[in-house]
Amino acid sequence: MLQLDQIVAGYNKSVALDGVSISIPEGRIVSVVGANGAGKSTIVNTISRLVTTYAGSIRFEGQDITGRKPAQVVELGIVQVPEGRRLFAPLTVEENLRLGFHRLAGKADSQRRYQERLDYVLELFPIMRQRIHQRAGTMSGGEQQMVAISRALMAGPKLLMLDEPSLGLAPMIVDQIFEILAKLRKDGLTILLVEQHADDALQLADYGYIMAVGRVRAEGPGNSLRDNPALHQSYLGKVA
Ligand SMILES: Nc1ncnc2c1ncn2[C@@H]1O[C@H](COP(=O)(O)OP(=O)(O)OP(=O)(O)O)[C@@H](O)[C@H]1O
């Protein structure tokens, strides 16, 4: 579904990705893991076209999207759950979800589709049902992550990209969130998961990539990367 081919990208002429190639097949979960500063967020932001690309190409469903603008990428169905959630704190849960629906809002039959998307996310995260009128900024970290994922799902994505959803959350909540990702895959969604918590992310993934200092150092089926102690020692350190 999505292919990064030999991407060189970065900030103010410095290089954060140095020839990165990644492939995300439809209906699968692909995890990208690595230590701080490896370039994981830069991959997500490159696909969203928020980062300057110096060389290489990005293809989505057969089209070259390297020259597209961020809003056009969202329009195609590539939607990001950003690092740190980035909810609109003074707005309620429902208002945040409605903003996520923006991509589909002007389309035919939008009222029915809004209700359908809303029912879907409330079924995934029943806890939000009682909290739909609560201000997002007053929720716990785990609840906020659920709202952030739900907001992205309201857009009806084809490819959902999550940048470090486990950040600052208790292990039990992380497990719940990863279970939801597995359910989304079962429902047919394609997922790119970028994580520092390598073990969990590789266990969940159909396929994984290990990054260090702007390059892919290893790739393979999630479990085979997770169970390779040499890779852990070389690239993942204690965070695994
Ligand atoms: N906005 C920016 N301006 C300049 N340099 C940046 C910017 N964002 C990231 N970088 C640099 O790009 C490199 C890769 O950073 P990136 O955030 O992609 O890593 P990461 O693997 O996601 O790390 P973390 O897990 O800490 O978020 C780092 O050297 C970082 O300092």
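As the structure is a prediction and not an experimental result, all values here were calculated from the model. Along each chain, residues carry numbers from 1 onward, in the same order as the chain's sequence is written. Where totals are concerned, whole chains, interfaces and linings use all residues; where local detail is concerned, this predicted model gives features only for residues with pLDDT of at least 70, and gives and counts side-chain atom pairs only at 80 or more.

## Quick notes on unusual backbone geometry
And step 1. Located in the positive-phi region is Q6, a residue other than glycine, with phi close to 50°.
And step 2. Structurally, Q6 can be placed in strand β1 (residues 2–11).
And step 3. With 12 C-beta atoms packed within 10 Å, Q6 lands in the exposed category.
And step 4. In the Ramachandran plot, N12 falls in the positive-phi region, its phi being about 45° despite a non-glycine side chain. Each helix is a run of DSSP H or I of at least 4 residues and each strand a run of E of at least 2, with the numbering of both proceeding from the N terminus. Remark: C-beta atoms are placed from the backbone, and a residue is labelled buried if 20 or more other C-beta atoms sit within 10 Å of its own, exposed if 12 or fewer do, or partly exposed between those counts.

## Observations regarding the site of the ligand
And step 1. A molecule or strand has a residue near it when that residue's C-beta atom, placed from backbone coordinates, lies within 6 Å of it. Around the ligand, a shell composed of Y11, A16, G34, N36, G37, A38, G39, K40, S41, T42 and Q196 is seen.
And step 2. In terms of residues, the shell around the ligand owes the most to one element, helix α1 (residues 40–47), which gives 3 residues.
And step 3. Three categories are distinguished: nonpolar for Ala, Val, Leu, Ile, Met, Phe, Trp, Tyr, Cys and Pro, charged for Asp, Glu, Lys and Arg, and polar for the others, with Gly belonging to the last. A breakdown of the residues in the shell around the ligand according to their chemical character gives 3 nonpolar, 7 polar and 1 charged.

## Section: the packing of helix α3 (residues 93–100) against helix α6 (residues 141–154)
And step 1. Fitted lines through C-alpha atoms give the axes, limited to the stretch in contact for helices. The angle between two N-to-C directions lies from 0 to 180 degrees. The interhelical angle for the contact between α3 and α6, taken along N-to-C directions, is 35°, at an axis separation of 7 Å. In this structure, α3 crosses over α6, and the sense of that crossing is right-handed. On the side of α3, the interface is formed by V93, N96, L97, L99 and G100, while α6 contributes V147, S150, R151, A152 and M154.
And step 2. Each residue belonging to the contact of α3 with α6 can be placed in one class, and the counts come to 6 nonpolar, 3 polar and 1 charged. Put simply, a crossing is left-handed when the front helix is turned counterclockwise from the back one by less than a right angle, and right-handed when it is turned clockwise. By the criterion used throughout, residues are in contact when their C-beta atoms, derived from the backbone, lie within 7 Å.

All quantities given are derived from atomic positions and should not be read as evidence of function.
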